[in-house]
Amino acid sequence: MSPLEPPRTRRVAVIGGTRVPFARSDGPYATAGNQEMLTAALNGLVERYGLDGPGAVGEFVAGAVLKHSRDFNLARETVLGSKLDPRTPAYDIQQACGTGLQAVIAAANKITLGQTESAIAGGADTASDAPLGVNDRLRRILLEARRAKSAGARLRALAKIRPSHLVPDIPRNAEPRTGLSMGEHAAVTARASGVTRREQDELAATSHQRLAAAYERGFFDDLVVPFRDLSRDRNLRPGSTVNELAALKPVFGLDGPEPTMTAGNSTPLTDGAATVLLASEEWAGARGLEPLAHLTAYETAAVDFVHGDVAGGEDGLLMAPAYAVPRMLERTGLGIEDFDLVEIHEAFASQVLATLAAWEKRGLAPVDRARLNVAGSSLATGHPFAATGARIVATLAKLLAEREGPGRGLISVCAAGGQGVTAILERP
């Protein structure tokens, strides 16, 4: 190939994935950091596919949304603490709740361009061990003391410290541009979309029931590795019913009429980590590994939720997939009816329902609910922000591999900041 010729592109195979069980925050993983959880998930993948040899994998890309200063270079430090070859390059990536899927896309791009033969992508997040920032007033005083040229000047600066300065800055689940939490934004969209309480509770109950059924049939036996005495997701409630969920009090949208969003139809704060192995077909074939599926397309989008959602428009914080998916389908010449399975990240039941309605409004066919999140999703598993994308990719790839014959699956992930990351998996 001459330097002026475009590179030959290759298909990207999804080989498999592993994750630790997800747990509600301040529970069994309360003292586990991002690196410990991500290392456990990565080691599970290394052991399952025999990736502990020299140069076994081209690179590792992963990220976290809630990061301590010690999580600097998280992906690389995870490699160094894992069973993967320490000479494996690694780098961090972050796009809020889309981090895990964006990591998959970043790795896939290098594989499809021939820049690497294999890569592992993933993410981790802990809401239990969230970083606490130094009070900004205290920070300014400490910086002033550091810049002081004499001991006297240093003491004068430190003398300015008051008890109120010792109160740390607690991370807030709120959008910097609006001051509203993700749940409050979702409540605005729920009202605008006319989503009912019963619809949300039905979706949540179904998510728990399907996840429980998937565990019972052994679907997750090779996807979930035990960690800290957990072998399945701690948030799972197998016996969830619509009637039980209907008894819960609303927690979001309380400033509006007839609030519908509860703790039961919203995703809880969660700790966990997930990884997925990607490769060229040549790399997989040389190692006798059959791809579960192929990553064939992806699309990102963003909405102006500040002037949309807050102003009462339809462009809510979590509605970017309403634009990304139609664009991706138009580019690939596909329709919703061409997908055997659809995976929509369940940040909130109301957001899933609003997304489905928005797709139809934009001319897409209705999604067959029997094909939607068939092994449960975030309402049941929980949602460690950066880990969700890798969880969904590995789950969907295995679901496609279980089917007889070809299959196609759609992934849709909403993210903070009014963003969305979407992708298509296919099994020929």
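Residues numbered from 1 in each chain as written. Predicted model: local features only at pLDDT ≥ 70, side-chain atom pairs only at ≥ 80, totals over all residues. Heavy atoms only, no water.

(A) Geometry of the overall build of the protein. The helix and strand inventory of the protein stands at 13 helices and twelve strands. Over its C-alpha trace the protein gives a radius of gyration of 22 Å, about what one expects of a compact globule, namely 22 Å for 428 residues. Summarising its shape, the C-alpha atoms of the protein cover approximately 75 × 60 × 50 Å along the three principal directions. For the protein, the proportion of contacts with a sequence separation of at least 24, taken over those separated by at least 6, is 80%. Element-wise, carbon and sulfur atoms account for 52% of the exposed surface of the protein, whose accessible area totals about 18100 Å². Of the charged side chains in the protein, 46 are positive and 49 negative, and the gap between their average positions amounts to 8 Å. (Helix = DSSP H or I, 4+ residues; strand = E, 2+ residues; numbered from the N terminus. Rg over C-alpha atoms; globule rule 2.2 N^0.38 Å. Contact = heavy atoms within 4.5 Å. Areas by Shrake-Rupley, 256 points an atom, 1.4 Å probe, with all protein chains shown as cover. Lys, Arg positive; Asp, Glu negative; His and termini not counted. Charge placed at Lys NZ, Arg CZ, Asp CG, Glu CD.)

(B) How the structure looks around the packing of helix α4 (residues 136-147) against helix α5 (residues 151-158). Viewed as axis vectors pointing N to C, α4 and α5 meet at an angle of 175°, and their least axial separation amounts to 8 Å. Between α4 and α5, the interaxial angle falls into the category roughly antiparallel. Between α4, through I141, L142, E144 and A145, and α5, the contact on the second element is made entirely by R154, A157 and L158. Here the residues of the contact of α4 with α5 are counted per class, giving five nonpolar, no polar and two charged. (Axes fitted to C-alpha atoms, helices over the stretch in contact; angles between N-to-C directions. Parallel < 35°, antiparallel > 145°, perpendicular 65-115°, else oblique. Nonpolar A, V, L, I, M, F, W, Y, C, P; charged D, E, K, R; others polar.)

(C) Structural view of the nonpolar core. Counting residues in hydrophobic clusters, the biggest one holds 47 residues, and the most contacted among them are L101, F220, V276, I411 and L425. In contact with L101, not counting residues within four places along its chain, are G389, A390, V393, I411, V413, V421, T422 and A423. Listed in part, the 46 residues of the second largest apolar core include A301, M328, L329 and V352. (Core = buried A, V, L, I, M, F, W, Y, C linked by side-chain atoms within 4.5 Å. Buried < 20%, exposed > 50% of the residue type's maximum accessible area, 1.4 Å probe, protein only.)

(D) Representation of a nonpolar patch on the surface. Judged by side-chain polarity, V134, L142, L155 and L158 come together as a nonpolar surface patch covering roughly 350 Å² of accessible area. Its place among the elements puts L158 in helix α5. With a relative accessible area of 34%, L158 lands in the partly exposed category. (Patch = residues over 30% accessible without salt bridge, like charges linked within 9 Å, V, L, I, M, F, W, Y side chains within 5 Å. Salt bridge = Lys/Arg side-chain N within 4 Å of Asp/Glu carboxyl O.)

(E) Broad picture of the pairing of strand β9 (residues 293-302). The pairing of strand β1 (residues 12-19) with β9 spans three bridges and is classified as antiparallel. Residue pairing in the sheet places V12 in a bridge with L295 of β9. For β9 and strand β12 (residues 419-427), the ladder comprises eight bridges, and the chain directions are antiparallel. For A302, the partnering residue across the bridge sits in β12 and is Q419. (Pairing = 2+ DSSP bridges.)

(F) Molecular detail of helix α3 (residues 99-112). Here α3 is 14 residues long and its end C-alpha atoms lie 20 Å apart, about the 20 Å a rise of 1.5 Å per residue gives. Here α3 lies mainly inside the structure; twelve of its 14 residues are buried. All buried positions along α3 are accounted for by T99, G100, L101, Q102, A103, V104, I105, A106, A107, A108, I111 and T112. Positioned one or two residues after α3, G114 has a phi angle of 80°, which is positive. (Expected span 1.5 Å × (residues − 1).)

(G) Spotlight on the packing of aromatic side chains. A full pass over the atoms with the stated rule returns four aromatic pairs. Considering the side-chain rings of Y215 and F220, the 4.6 Å spacing of their centres and the 40° angle between planes classify their relative orientation as tilted. Looking at F220, the relative accessible area reads 4%, which means it is buried. Judged by centre distance (5.0 Å) and plane angle (85°), the rings of F219 and F220 are edge-to-face. Judged on exposure class, the residue F219 and its partner F220 are both buried. (Phe/Tyr/Trp six-rings, centres within 6.5 Å; stacked < 30°, edge-to-face > 60°.)

(H) Seen up close, the state of the cysteines. Under the definition given, this model contains zero disulfides. Distance from the sulfur of C97, which forms no disulfide, to the nearest cysteine sulfur (C414) is 6.3 Å. (Disulfide = S-S within 2.5 Å.)

(I) Molecular detail of the pattern of salt bridges. Evaluated as defined, the whole model comprises 24 salt bridges. The closest approach of N and O atoms between R228 and E36, which form a salt bridge, is 3.1 Å. In this pair, R228 is assigned in the loop between α7 (197-216) and α8 (242-246) and E36 in helix α1 (residues 34-49), connecting sequence segments 192 residues apart. For E36, a relative accessible area of 35% puts it in the partly exposed group.

(J) Here's a closer look at α4. Compared with the 16 Å implied by 1.5 Å per residue over twelve residues, the 17 Å span of α4 between its first and last C-alpha is a close match. Packed against the buried residues of α4 are α5. Two or three places before R137, at the opening of α4, N135 has a side-chain oxygen 2.9 Å from that residue's backbone nitrogen. (Polar contact = N/O pair within 3.5 Å; in protein donor to acceptor, adjacent residues only side chain to side chain.)

(K) View of the environment of L113. Mapped onto the elements of the fold, L113 is located in the loop between α3 and β5 (118-125). Judged by its relative accessible area of 36%, L113 falls in the partly exposed class. For the pair formed by L113 and I392, sequence separation is 279 residues and the distance between their alpha carbons is 24 Å.

(L) Expanded view of the side chain of S82. Examined against the element boundaries, S82 turns out to sit in the loop between α2 (74-80) and β4 (90-92). For S82, the side chain forms a polar contact with the main-chain nitrogen of L84, separated by 3.1 Å. For S82, the contacting residues outside a window of four places in its chain are T39, L42 and N43.

(M) How the structure looks around the environment of V79. By the secondary structure assignment, V79 is in helix α2. We classify V79 as buried; its relative accessible area is 0%. Through-space distance from the C-alpha of V79 to that of A397 is 24 Å; in sequence the pair is 318 residues apart. Residues within four places of V79 in sequence aside, it is in contact with L42, F60, L84, D85, P86, T88 and A90.

(N) Examining the environment of V167 more closely. Along the chain, V167 turns up in the loop between α5 and α6 (182-193). The spatial distance from the C-alpha of V167 to the C-alpha of R137 is 10.0 Å, given a sequence separation of 30 residues.

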